[in-house]
Amino acid sequence: MLRKAHLTGSPFKIFLRTMVLTEIEAPEMPPCDYVPNPYKGHRSSPPLSKNNSMYAIALGILEGLEYEKILKVKKEHIVPCIQPYYKKPLLIHEGHMQWLFDHTGRRYLDMFGGIVTVCAGHSHPKINEEIFKQMKTLWHTTNIYLHPRLYEYAEKLTAKLPGDLKVVYFVNSGSEANDLAMLLARLYTKNYDIISFRNGYHGMSPYCMAITGLSIWRYDLPISMGVHHAMNPDVYRGLWGGSKCRDSPVQTDRTCDCEGDCEAADHYYNQLEEVFKYSLPRGKVAALFAESIQGVGGVIQFPKGFLKKAFELIRSNGGICVSDEVQSGFGRTGETFWGFESHKVVPDIVTMAKGIGNGYPLAAVITTSKIAATLGHANHFNTFGGNPIACSAGIATLDVIEEEKLQDNCKKIGTYLLKNLAKLRDEFEIVGDVRGKGLMIGVEMIKKKSTKEPLSAKRFADIWEDCKDMGLLVGRGGLNSHVMRIKPPMCITKRDADFTVEVLRTAIKKNIEKCSAH
């Protein structure tokens, strides 16, 4: 690999250095035996005649609109808030386990898992088989009739929860789940005020937008009545934090004087108490909503012991505790099946989505029978909740997680990946923090460590685009969209982890060399 990073002086040398930057070699991708079907693009909707369709299937050809036509349709018919990643959006037409393929057949390592949704792997054969089997017998009835898959799944899923968390309401998305949890909390406690944390994300329904503490995900509407955002217990950027605060293989680069209990947790707890002192009716709160690890906000981990104390405070004031496991559930964090278990708490309501169906639209709210009973005060119904196909996908996903030991893989590969990503923080001034647990990982990009000022959008985008050009797909998050979000299918390998680190190292090094040339 060519390296000319330290050339300075004459215009010729600067020109030579610029030429070298374009020749930096991409790390070699891990092997993959899967061969994708070719994609045939059309200028209009592909023909649906039986003969044409059978011919294409026999040849293993997947048909659809051509790339340019898709861009035209997007511009004219898709709401403008739906913005694909990258300057030249990828047209993905096929996936296999941790791999995605674009319309040209090019392969990418998917380290974002469809936004933390594909947990077992793209088009996992066992999950596909169970879905196809169900599609042949029954697609949909709604819950006005009984169908066996819903009850099989309800029993299997609730068995994964501790204590009295044994009653489930199936819905279709994380927003729906958190929306319902807010309703349940207010009905059960007969209190109205809800607390969530700044930087948290809980969905985009009008109800959920209120408890989401990120301005970039909020519209200018009167949605926040009865909702209070407490200070976020962020041990990297917050007022308090140190080198022993996180339940993670990688700690912050801040110093820490804690002996025993985490002092940062106590300070952030005091800030939560302030909400009770100044913003709430005395002794009256409906619920606390908390992600076990904040996802969209940039993979923020609370200090050890904080959430347990927070739960005690909420319950002592008449409220219940809701754990948002939409991103951190189903073994992704490695040590435990649910993220809240790492905090040594048992919530009153658990919301879940994303990885629950390996990409199939499915979500759930699980609570106690006593809390669930409050929905009986009026009619409540969800047309697609507990759909037979969705339940089949959910059952198969649970089976695959267990049979293929994906939770163990998250712990093993995730810890390995985190420790190697931490070397990038030591190597580069613009890598501010590496954090997470299992395969829920964030890499925060900054201008320099002394100020922690977020890396500029232009530089971040350049690094991100270069990663894509080398075959690596990662997400982005945080208030300033300057955190690399790494949350892949849970089936990735050590070689995939090595490739991820080397691509990031190459892209960061290229960006630094490019900036030093100007």
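Everything discussed here concerns the structure shown above.
Bear in mind that the values here come from a model prediction, so they are computed numbers and not experimental data. (Residues numbered from 1 in each chain as written. Predicted model: local features only at pLDDT ≥ 70, side-chain atom pairs only at ≥ 80, totals over all residues. Heavy atoms only, no water.)

## So, the overall build of the protein
As a reminder, the rule being used: Secondary structure counts use DSSP, requiring at least four H or I residues in a row for a helix and at least two E residues in a row for a strand, with both numbered from the N terminus. Two things to know: the radius of gyration comes from C-alpha atoms, and the globule rule equals 2.2 Å times the number of residues to the power 0.38. Think of it in three bands: with a 1.4 Å probe and only protein chains considered, a residue is buried below 20% of the maximum accessible area for its type, exposed above 50%, and partly exposed in between. By definition, residues are in contact when any of their heavy atoms lie within 4.5 Å. When charges are counted, neither His nor the chain ends are considered; positive counts come from Lys and Arg and negative counts from Asp and Glu. Where a charge lies is defined by one atom per residue type, namely NZ (Lys), CZ (Arg), CG (Asp) and CD (Glu).
The helix and strand inventory of the protein stands at 16 helices and 17 strands. In terms of overall dimensions, the protein is globule-like: its C-alpha atoms have a radius of gyration of 24 Å, near the 24 Å expected for 518 residues. Judged by the C-alpha coordinates and their principal axes, the protein covers about 75 × 70 × 45 Å. Relative to its 518 residues, the protein shows a buried fraction of 55%. In the protein, once contacts between residues fewer than 6 apart in sequence are set aside, the share between residues at least 24 apart is 71%. On the protein, the mean spot of the 65 positive side-chain charges and the mean spot of the 56 negative ones are 3 Å from each other.

## Observations regarding the nonpolar core
We apply this condition: Nine residue types can take part in a nonpolar core, namely buried Ala, Val, Leu, Ile, Met, Phe, Trp, Tyr and Cys, and a core is a set of them joined through side-chain atoms within 4.5 Å.
Of all hydrophobic cores here, the largest spans 103 residues; its most connected members are Leu 157, Ile 195, Met 352, Leu 421 and Met 445. Those residues in contact with Met 352 that sit more than four places away from it in its chain are Leu 157, Leu 161, Ala 177, Glu 325, Val 326, Phe 330, Trp 338, Ala 363, Ala 364 and Ile 366. The next biggest cluster of nonpolar side chains, apart from the first, holds 24 residues, and it includes Ala 177, Val 227, Val 322 and Leu 375.

## Points about the layout of surface pockets
The test is simple: Put simply, the grid is 1 Å and covers the protein atoms alone, a cavity is a trapped set of points that fit a 1.4 Å probe, a pocket is an open set with protein on both sides within 12 Å along at least five of seven lines, and lining residues have an atom within 4 Å of a point. Grid points are joined across faces, edges and corners, and a volume is the space filled by probe spheres set on the points.
Taken as a whole, the largest pocket spans an internal volume of roughly 1400 Å³. Around the largest pocket, the lining is made up of 38 residues, and of these Gln 83, Pro 84, Tyr 85, Phe 112 and Ile 115 lie nearest the centre. Mapped onto the lining of the largest pocket, the elements with two or more residues apiece are α3 (67-77), α4 (113-116) and β16 (475-477). Sort the elements by how many residues they give to the lining of the largest pocket and α3 lands first, with 4 residues.

## Regarding the packing of aromatic side chains
Keep this limit in mind: A pair of Phe, Tyr and Trp rings is counted when the ring centres sit within 6.5 Å of each other, with Trp represented by its six-membered ring. The angle between the planes then sorts it: under 30 degrees is stacked, over 60 is edge-to-face, the rest tilted. Charge over a ring is defined by NZ of Lys or CZ of Arg lying within 6 Å of the ring centre and within 35 degrees of the ring normal.
Using the criterion set out here, one finds 16 aromatic pairs in the structure. Seen in terms of ring centroids, Tyr 34 and Phe 101 are 5.8 Å apart; in terms of plane orientation they differ by 45°. Their pairing is tilted. Taken as a pair, Tyr 34 in the loop between α1 (11-21) and β1 (39-42) and Phe 101 in strand β4 (residues 99-102) lie far apart in primary sequence, 67 residues in all. By relative accessible area, Phe 101 is classed as buried at 2%. When the ring of Tyr 201 is compared with that of Trp 217, the centres are 5.4 Å apart and the planes differ by 70°; the resulting orientation is edge-to-face. With Tyr 201 in the loop between β7 (194-197) and α8 (206-211) and Trp 217 in the loop between α8 and β8 (227-230), the pair connects residues that are 16 residues apart, well separated along the chain. Its relative accessible area of 33% is what places Trp 217 among the partly exposed residues. The structure contains a cluster of three or more aromatic residues connected by ring pairs, namely Tyr 85, Tyr 86, Phe 112, Phe 460 and Trp 464. Across from the ring centre of Phe 337, 4.7 Å away, lies the NZ or CZ of Lys 160, which sits over that ring.

## Thoughts on empty space enclosed by the protein
For the structure on display, the rule yields 1 cavity of 30 Å³ or more. Computed from the structure, the largest cavity encloses a volume of approximately 40 Å³. Along its surface, the largest cavity is lined by Val 116, Cys 119, Glu 325, Val 326, Gln 327, Gly 329, Phe 330, Arg 332, Ala 353, Gly 355 and Met 490.

## Quick word on the sheet that holds strand β11 (residues 349-352)
Note the threshold: Whether two strands pair comes down to DSSP finding at least two bridges between them. Helix axes are fitted to C-alpha atoms over the stretch in contact, other axes to C-alpha atoms as well, and angles between N-to-C directions run from 0 to 180 degrees.
Spatial strand order, β6-β12-β11-β10-β9-β7-β8: 7 strands in an open sheet with mixed pairing. Here the strands that pair on one side only, and so sit at the sheet edges, are β6 (167-171) and β8. Within the sheet, the average angular offset between the axes of one strand and its neighbour, ignoring direction, is 20°. The sheet contact formed by strand β10 (residues 320-324) and β11 spans 3 bridges and is parallel. Residue pairing across strands places Val 322 opposite Ile 349, the latter belonging to β11. Packing of helix α6 (residues 148-158) onto the sheet brings it into contact with β6, β11 and β12 (363-367), and relative to β6 it is tilted by some 120°.

## Section: the pattern of salt bridges
Defined as follows: The term salt bridge refers to a side-chain nitrogen of Lys or Arg lying within 4 Å of a carboxyl oxygen of Asp or Glu.
Here the structure, examined in full by the defined rule, presents 27 salt bridges. When the shortest N-O distance is used, the salt bridge between Lys 468 and Glu 465 registers 3.5 Å. Taken together, the positions of Lys 468 and Glu 465, both in helix α15 (residues 457-469) and 3 residues apart, correspond to about one turn of that helix. Residue classification places Glu 465 among the buried positions, given a relative accessible area of 9%. For Lys 468, the salt bridge goes to Asp 469, with nearest N and O atoms at 3.0 Å. The network of salt bridges with shared partners includes Arg 237, Arg 246, Arg 425, Asp 426, Asp 433, Arg 435 and Glu 444.

## Quick notes on unusual backbone geometry
Even without being glycine, Tyr 86 reaches a positive phi, approximately 80°. Among the structural elements, Tyr 86 can be located in the loop between α3 and β3 (92-96).

## Focus: the pairing of β11
The alternating pattern of β11 places Ile 349 and Thr 351 on one face and Val 350 and Met 352 on the opposite face, and all of these are buried. Where β11 meets β12, 4 bridges bridge the pair, whose relative direction is antiparallel. When the sheet's bridge partners are listed, Thr 351 is paired in β12 with Val 365.

## Brief notes about the sheet that holds strand β5 (residues 107-110)
Read from one edge to the other, the open sheet built from 4 strands follows the order β3-β4-β5-β15, with strand pairing classed as mixed. Only two strands of the sheet have a single neighbouring strand rather than two, namely β3 and β15 (472-473). Both β4 and β5 contribute to a ladder of 3 bridges, which runs antiparallel. Bridging from a neighbouring strand, Leu 100 pairs with Tyr 108 of β5.

## Focus: the packing of helix α9 (residues 263-278) against helix α10 (residues 306-316)
Quick note on the threshold: Roughly parallel means an angle under 35 degrees; roughly antiparallel means over 145; roughly perpendicular covers 65 to 115; every other angle is labelled oblique. Handedness of a crossing follows from how the near helix is turned relative to the far one, being left-handed for an anticlockwise turn of less than a right angle and right-handed for a clockwise one. Residue polarity is assigned by list, with Asp, Glu, Lys and Arg as charged and Ala, Val, Leu, Ile, Met, Phe, Trp, Tyr, Cys and Pro as nonpolar; anything else, Gly included, falls into the polar class.
Close contact between α9 and α10 brings their axes to 9 Å; oriented N to C, the two are set at 25°. Considering their axes alone, α9 and α10 lie roughly parallel with respect to each other. The handedness of the crossing between α9 and α10 comes out as right-handed. Contact residues: Ala 265, Asp 266, Tyr 268, Tyr 269, Leu 272, Glu 273 and Phe 276 in α9; Phe 306, Lys 309, Ala 310, Leu 313 and Ile 314 in α10. Here the contact of α9 with α10 is composed, by residue class, of 9 nonpolar, no polar and 3 charged.

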